[in-house]
Amino acid sequence: MLYREAGQFKTSYEADGQIFPILQDRIALLALLGVAVLLVPWLASPYLLSAILIPFLIFSLAALGLNILTGYAGQLSLGTAAFMAVGAFASYNFILRIPGLPVLAAFALGGLSAALVGVAFGLPSLRIRGFYLAAATLATQFFVVWCLTKIPYLTNYSSSGVITAQPVIIFGYGFDTPGRKYLLVLAVVAVMALLAKNMIRSNIGRSWMAVRDMDVAAEVIGFRLMRTKLLAFAISSFYCGVAGALYAYAYLGTVEPEAYNLDLSFRILFMIIIGGVGSVLGSFLGAAFIVLLPVLLNRVAHSLALPTSVASNLELMVFGALIIFFLIVEPHGLARLWQIGKEKLRLWPFPH
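The structure presented is a predicted model; accordingly, all values stated were derived computationally and were not measured.

K.L.:
How should I be thinking about the overall build of the chain in this particular structure?
P.N.:
Within the chain, the secondary structure is distributed over 14 helices and six strands. The C-alpha radius of gyration of the chain comes to 22 Å, within 12% of the 20 Å expected for a compact globule of 352 residues. Judged by the C-alpha coordinates and their principal axes, the chain covers about 70 × 55 × 45 Å. The buried share of the chain, taken over its 352 residues, is 44%. Here the analysis covers contacts within the chain between residues at least 6 apart in sequence; of these, 75% occur between residues at least 24 apart. Accessible surface computed for the chain: about 19000 Å², of which carbon and sulfur atoms make up 70%. Here the chain holds 22 positive side-chain charges and 14 negative ones, and the gap between their average locations is 5 Å.

K.L.:
Teacher, can you tell me more about the nonpolar core here?
P.N.:
Considering soluble globular proteins, one finds that nonpolar side chains tend to be buried as a cluster. Formed by 93 residues in total, the largest nonpolar core has its most connected members in Met-84, Tyr-182, Tyr-239 and Tyr-260. Examining the composition of this core, we find that 16 residues originate from one element, helix H3 (residues 46-72), more than from any other. Excluding its chain neighbours within four sequence positions, the residues that come into contact with Tyr-260 are Ala-81, Met-84, Ala-85, Ala-88, Gln-141, Val-145, Gly-244, Tyr-247 and Ala-248.

K.L.:
Would you explain helix H14 (residues 333-347) in this entry?
P.N.:
Structural remark: α-helix, 3.6 residues per turn; residues separated by three or four positions point the same way. Here H14 contains 15 residues, and its C-alpha end-to-end distance of 22 Å stays within 8% of the 21 Å for a straight helix at 1.5 Å per residue. Of the residues making up H14, those classed as buried are Gly-333, Leu-334 and Ala-335. Buried residues in H14 make contact with helix H11 (262-275), helix H12 (280-303) and helix H13 (308-328).

K.L.:
Can you walk me through the environment of Val-37 in this structure?
P.N.:
Looking at the element boundaries, Val-37 is found in helix H1 (residues 16-38). Sequence-wise, Val-37 and Phe-107 are 70 residues apart; in three dimensions their C-alpha atoms are separated by 22 Å. Apart from the residues within four sequence positions on either side, Val-37 is in contact with Leu-183 and Leu-186.

K.L.:
Which parts of the structure should I look at to understand the packing of aromatic side chains?
P.N.:
Note on aromatic pairs: each is described by the distance of the centres and the angle between the planes. Evaluated as defined, the whole model comprises 10 aromatic pairs. The interplanar angle of 75° and the centroid separation of 6.3 Å between the aromatic rings of Phe-238 and Tyr-239 together place this pair among those described as edge-to-face. Pairing Tyr-247 with Tyr-260 gives two aromatic rings, centres 5.7 Å apart and planes at 70°, and the pair type is edge-to-face. With Tyr-247 in helix H10 (residues 225-252) and Tyr-260 in the loop between strand S6 (254-255) and H11, this pair connects stretches of sequence that are 13 residues apart. Of the two residues, Tyr-247 and Tyr-260, both sit in the buried class.

K.L.:
What should I look at first to understand helix H8 (residues 203-213) in this one?
P.N.:
For H8, the complete set of buried residues consists of Gly-205, Ser-207, Trp-208, Ala-210 and Val-211. For H8, the elements touching its buried residues are H3, helix H7 (178-200), helix H9 (215-220) and H10.

K.L.:
Can you walk me through a nonpolar patch on the surface in this structure?
P.N.:
Together, Leu-33, Val-35, Val-37, Leu-38, Leu-39, Trp-42, Leu-43 and Leu-183 line one region of the surface with nonpolar side chains, adding up to about 830 Å² of accessible area. Among the elements of the structure, H1 and helix H2 (40-43) are those that each provide at least two residues to the nonpolar patch. For the nonpolar patch, the leading source of residues is H1, giving four residues. For Leu-183, the position within the fold is in helix H7. Given a relative accessible area of 34%, Leu-183 falls into the partly exposed group.

Here is what the cut-offs are and how they apply
- Residues numbered from 1 in each chain as written.
- Predicted model: local features only at pLDDT ≥ 70, side-chain atom pairs only at ≥ 80, totals over all residues.
- Heavy atoms only, no water.
- Helix = DSSP H or I, 4+ residues; strand = E, 2+ residues; numbered from the N terminus.
- Rg over C-alpha atoms; globule rule 2.2 N^0.38 Å.
- Buried < 20%, exposed > 50% of the residue type's maximum accessible area, 1.4 Å probe, protein only.
- Contact = heavy atoms within 4.5 Å.
- Areas by Shrake-Rupley, 256 points an atom, 1.4 Å probe, with all protein chains shown as cover.
- Lys, Arg positive; Asp, Glu negative; His and termini not counted.
- Charge placed at Lys NZ, Arg CZ, Asp CG, Glu CD.
- Core = buried A, V, L, I, M, F, W, Y, C linked by side-chain atoms within 4.5 Å.
- Expected span 1.5 Å × (residues − 1).
- Phe/Tyr/Trp six-rings, centres within 6.5 Å; stacked < 30°, edge-to-face > 60°.
- Patch = residues over 30% accessible without salt bridge, like charges linked within 9 Å, V, L, I, M, F, W, Y side chains within 5 Å.
- Salt bridge = Lys/Arg side-chain N within 4 Å of Asp/Glu carboxyl O.

Any link to function would need more than the numbers given here.
Here it is, written out as structure tokens:
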């Protein structure tokens, strides 16, 4: 069978090197998703679901949102936790103020509220860039947390500021167990990750990457900088807002401003640095690494009987060392290492 590409006729056999790997990747992804849906809820313990898998999926979604803005659009942001907080508190207030509103609709409205805040604080990106833009988004973090603590209406006039999240009921089915919450989070993350993957391959994604590589040249060839940058802020904030709502309703069980502090923003930034900037897979790999590393270090500290002062700071020291390592040795992170490993396995045991 013949097909035409770049003005030349090629047989499908000549394209097997490109077609087969793509098919293998899609088959592997479907198999992994099937295992995650069918086997994990039945085999995993409640601790594994609640303490590891659910936060891993939520942080993956938040890291994916930040990767859209920083990795693909080239706009550095340090206010990810603030957008997550907007999504969580907006979802809570939508459910509280509008009787009968579906939970998923509240999550979507929370994401849209975060998108509006992201567009408002993304306006400085039209004039500034780099570390100056990072400082502007850092102001978002402090401003949003200040609003949540100083405006009683947002917390439903709670004296403590800590609010119990409403029960998650969808079509009369309550998601009140670790297994059910895991399936809900998995479904939302899988759908949004697929949408992000397709969006990055579209004209929108290409415009983001053009602005990231050289915004002046992108404007010369016809890309609108204002629309492209603000769209990146809106979509990134929407993803972070939905992740914040899931973080409150499926993981914490409470809606509180202190859960979305500056430390959370830096942790999500570390996820995309370690996992791979500008990679959907890197968002998941970085989130898995950050979630699993404290558990591993905790076990190592107990097994080696390390002093408490050393064990408490071991996580921070390892994080710093790994960030420096990936920035120097492999700037593209774990996603690039995974790609190199796959290429070597496809050629193994033959060198050519």
